[in-house]
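The chain contents come next:
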Amino acid sequence: MQFQIIILGAGIIGVSSALHLQAKGYQVALIDKASPGKSTSYGNAGLIERSSVIPYSFPREFTSLLRYGLNRQADVRYSFSFLPKATPWLLSYWNHSAPAALDKAAAAMLPLIERCVAEHDQFVEAAKLNRFVKDQGWIEIFRSEKAFSKAKSDALALTKYGLTFDLLDGPALREREPHLSRTVVGGVHWLDPKTVSNPGALVEGYCSLFKERGGKVLHGDARTLKQTSTHWQIDSHNGVITAPEVVVALGPQSPDVYTKLGYRFPMGIKRGYHQHYRNLNNTSLQHPVCDTKGGFVLSQMDMGIRLTTGVELASETDAVNAIQLERCEKIARNIFPLGEPVDVEPWLGLRPCFPDMKPIIGPAPDHKGLWFNFGHAHHGLTLGPVCGRLLSEMIAGDSPFTSPTPYSASRFKY
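Calculation rules
- Residues numbered from 1 in each chain as written.
- Predicted model: local features only at pLDDT ≥ 70, side-chain atom pairs only at ≥ 80, totals over all residues.
- Heavy atoms only, no water.
- Pairing = 2+ DSSP bridges.
- Helix = DSSP H or I, 4+ residues; strand = E, 2+ residues; numbered from the N terminus.
- Axes fitted to C-alpha atoms, helices over the stretch in contact; angles between N-to-C directions.
- Contact = heavy atoms within 4.5 Å.
- Buried < 20%, exposed > 50% of the residue type's maximum accessible area, 1.4 Å probe, protein only.
- Polar contact = N/O pair within 3.5 Å; in protein donor to acceptor, adjacent residues only side chain to side chain.
- Parallel < 35°, antiparallel > 145°, perpendicular 65-115°, else oblique.
- Left-handed = near helix turned anticlockwise from the far one by under 90°.
- 1 Å grid on protein atoms, 1.4 Å probe; cavity = no way out; pocket = protein on both sides within 12 Å on 5 of 7 lines; lining within 4 Å.
- Points joined across faces, edges and corners; volume = space filled by probe spheres on them.
- Nonpolar A, V, L, I, M, F, W, Y, C, P; charged D, E, K, R; others polar.
- Salt bridge = Lys/Arg side-chain N within 4 Å of Asp/Glu carboxyl O.

Participant: I tried to follow the sheet that holds strand 14 (residues 245-248) on my own but got confused; where do I start?
Facilitator: The strands that make up a sheet are held in pairs by hydrogen bonds between backbone atoms, and each pair lies either parallel or antiparallel. As summarised here, the arrangement of the 6 strands in space is 10-2-1-14-23-22, forming an open sheet in which the pairing is mixed. Looking along the sheet, the strands with just one partner apiece sit at the ends: strand 10 (216-219) and strand 22 (360-363). Along the sheet, successive strands turn relative to each other by an average axial angle of 20°, direction set aside. Sheet topology places strand 1 (residues 5-8) next to strand 14; 4 bridges connect them, and they run parallel. Bridging from a neighbouring strand, Leu-8 pairs with Val-248 of strand 14. The strands touched by helix 1 (residues 12-23) within the sheet are strand 1, strand 2 (28-32) and strand 23 (370-374), with strand 2 carrying the most contacts at an inclination of about 170°.

Okay, here's the thing in structure tokens:
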């Protein structure tokens, strides 16, 4: 079977790339060993995060480093046995989180963040998926007046980015979320983002749109990718698939392909968990709420209330460790009346991150017809459609809506 472009990975990044390339007239095959939207794209807080104009940086204050070093926090946990392996990446991440470098990363990511909602809107409307998307923003909550005061100052400092938000004291917050406990003293309601009640179903819906428009979705193992004199080929359940162009959009599994081709990019993995809980006594959340200090988000999903954790630094192959989720759940139950868990066991996912807080989007430096689109860290769901647009413009030779230079693979010595 011959196509013009093969896309490896049927998560939000791959599916979005496929839709944009298809719209430009390419015959596209989307290949994954799993069903669309069942891996990393499934397990997130359901935020299309227009307000996240400052990347998630490494803490640099001594008091914060000391607090995390004790490894007792809910928002970040690490495996002692994994730490030696992770140390070089963490040091690079720390360096890139210095004020000047962080400002540079924020400026580089801003064109993507600014368009994230609009690009999703086009897909949502075309695929008729409005039932999964709400236009009510999300709320950042605080359990101390000191933390709330700082948050108000931080929010006001972001007005230069054109963000809209409401600052809510305790009574105003409980008007919007009546079932939040009085341990929460205030919140910042970010109004620009949209929220998704079933991220996996959203990706499936985008993929269905791709198929309705004539795209092919096939099962295959990306690790079988080979380059011939004129084409790329991969083994699928339908036989050998070939195309002159191939896109690696495998998220945390991308190294399985690019390392075989000689690339050594400094991709790190941040693990994260989620668990669904039953709604108790007819309570529900009208907005996702994020406890920044606790490092978790509570979101009303179709499957129940989803608690999504922060960062766990551990080997990709380590078994599920419930410590972080248990710490978050303890705090969450003091904030909101959660029922019993719905899931038999927690979901564990992998977030692919580069230390400079930017993805790789664009051509592979040493291989003709090979393209990359991975490393979107905490914002894969947010950035899928907009990064798919940027990649499609590069492949088609169109003028990209923003300079792709900050996301070039060549910025790393591989």
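And the narrative resumes.
Participant: Can you walk me through unusual backbone geometry in this structure?
Facilitator: Within the chain, Asn-281 stands out as a residue other than glycine whose phi angle is a positive 55°. Structurally, Asn-281 can be placed in the loop between strand 15 (268-279) and strand 16 (289-291). Located in the positive-phi region is Asn-282, a residue other than glycine, with phi close to 65°.

Participant: Before we go on, may I ask you to explain the pairing of strand 15 in this structure?
Facilitator: Look at any regular strand and the pattern is simple: side chains alternate between the two faces of the sheet. The buried count for strand 15 comes to 10 of 12 residues, which makes it a mostly enclosed element. For strand 15 and strand 21 (residues 347-353), the ladder comprises 7 bridges, and the chain directions are antiparallel. Its bridge partner lying in strand 21, His-274 is registered against Trp-347. Sheet analysis places strand 15 next to strand 18 (residues 304-309), joined by 4 bridges and oriented antiparallel. Paired with His-274 across the bridge in strand 18 is Thr-308. One ladder, built from 2 bridges, connects strand 15 with strand 20 (residues 338-341); its direction is antiparallel. Within strand 20, the position partnered with Tyr-277 by the bridge is Pro-341.

Participant: Is there a simple way to explain the environment of Arg-351 in this structure?
Facilitator: Position of Arg-351 among the secondary structure elements: in strand 21. Judged by relative accessible area, Arg-351 falls into the buried class, the value being 14%. The spatial distance from the C-alpha of Arg-351 to the C-alpha of Thr-40 is 7.2 Å, given a sequence separation of 311 residues. Setting aside its immediate chain neighbours within four residues, Arg-351 contacts Gly-268, Ile-269, Lys-270, Arg-271, Gly-272, Thr-308, Thr-309, Gly-310, Val-311, Ala-377 and His-378. Within the local environment of Arg-351, its side chain forms a polar contact with the backbone oxygen of Arg-271, the two atoms lying 3.3 Å apart.

Participant: Explain the packing of helix 4 (residues 99-127) against helix 7 (residues 199-212) here, please?
Facilitator: Contact pair helix 4 / helix 7: the axes reach a minimum separation of 9 Å and the direction vectors enclose 70°. Of the possible angle classes, the one that applies to helix 4 and helix 7 is roughly perpendicular. Remark: the crossing between helix 4 and helix 7 carries left-handed chirality. Only Leu-202, Gly-205, Tyr-206 and Leu-209 of helix 7 make contact with helix 4, whose side of the interface consists of His-120, Phe-123, Val-124, Ala-126 and Ala-127.

Participant: Would you mind going over the layout of surface pockets with me for this structure?
Facilitator: Over the atoms rolls a probe the size of a water molecule, and its path tells where empty space is left. By volume, the second largest pocket amounts to about 440 Å³. Those elements giving two or more residues to the lining of the second largest pocket turn out to be helix 3 (83-96), helix 8 (255-258) and strand 15. Considering each element in turn, the lining of the second largest pocket owes the most residues, 5 residues, to helix 3. Counted by class, the lining of the second largest pocket contains 14 nonpolar, 3 polar and 4 charged residues.

Participant: Would you mind showing me how to read the pattern of salt bridges here?
Facilitator: Here the structure, examined in full by the defined rule, presents 15 salt bridges. For Glu-312, the salt bridge identified is with Arg-77, shortest N-O distance 2.8 Å. Here Glu-312 is found in strand 19 (residues 311-313), whereas its partner Arg-77 is found in strand 4 (residues 76-78), with 235 residues between them in sequence. In this pair, the class of Glu-312 matches that of Arg-77, namely buried.

Participant: Before we go on, may I ask you to explain empty space enclosed by the protein in this structure?
Facilitator: Within this structure, the stated rule accounts for 1 cavity of 30 Å³ or more. What the largest cavity holds in volume is close to 200 Å³. Around the largest cavity, the lining comprises 20 residues; the ones closest to its centre are Pro-55, Tyr-56, Met-357, Ala-377 and His-379. Broken down by secondary-structure element, the contributors of at least two residues to the lining of the largest cavity are helix 3 and helix 4. A breakdown of the residues in the lining of the largest cavity according to their chemical character gives 14 nonpolar, 5 polar and 1 charged.

Participant: Looking at this structure, I do not really get the side chain of Thr-309. What am I missing?
Facilitator: Inspection of the secondary structure assignment puts Thr-309 in strand 18. The class of Thr-309 is buried, set by a relative accessible area of 4%. When sequence neighbours within four positions are dropped, the list of residues in contact with Thr-309 reads Gly-272, Tyr-273, Gly-295, Phe-296, Gln-324, Leu-325, Cys-328 and Arg-351.

These results come straight from atomic positions and should not be treated as a statement about function.
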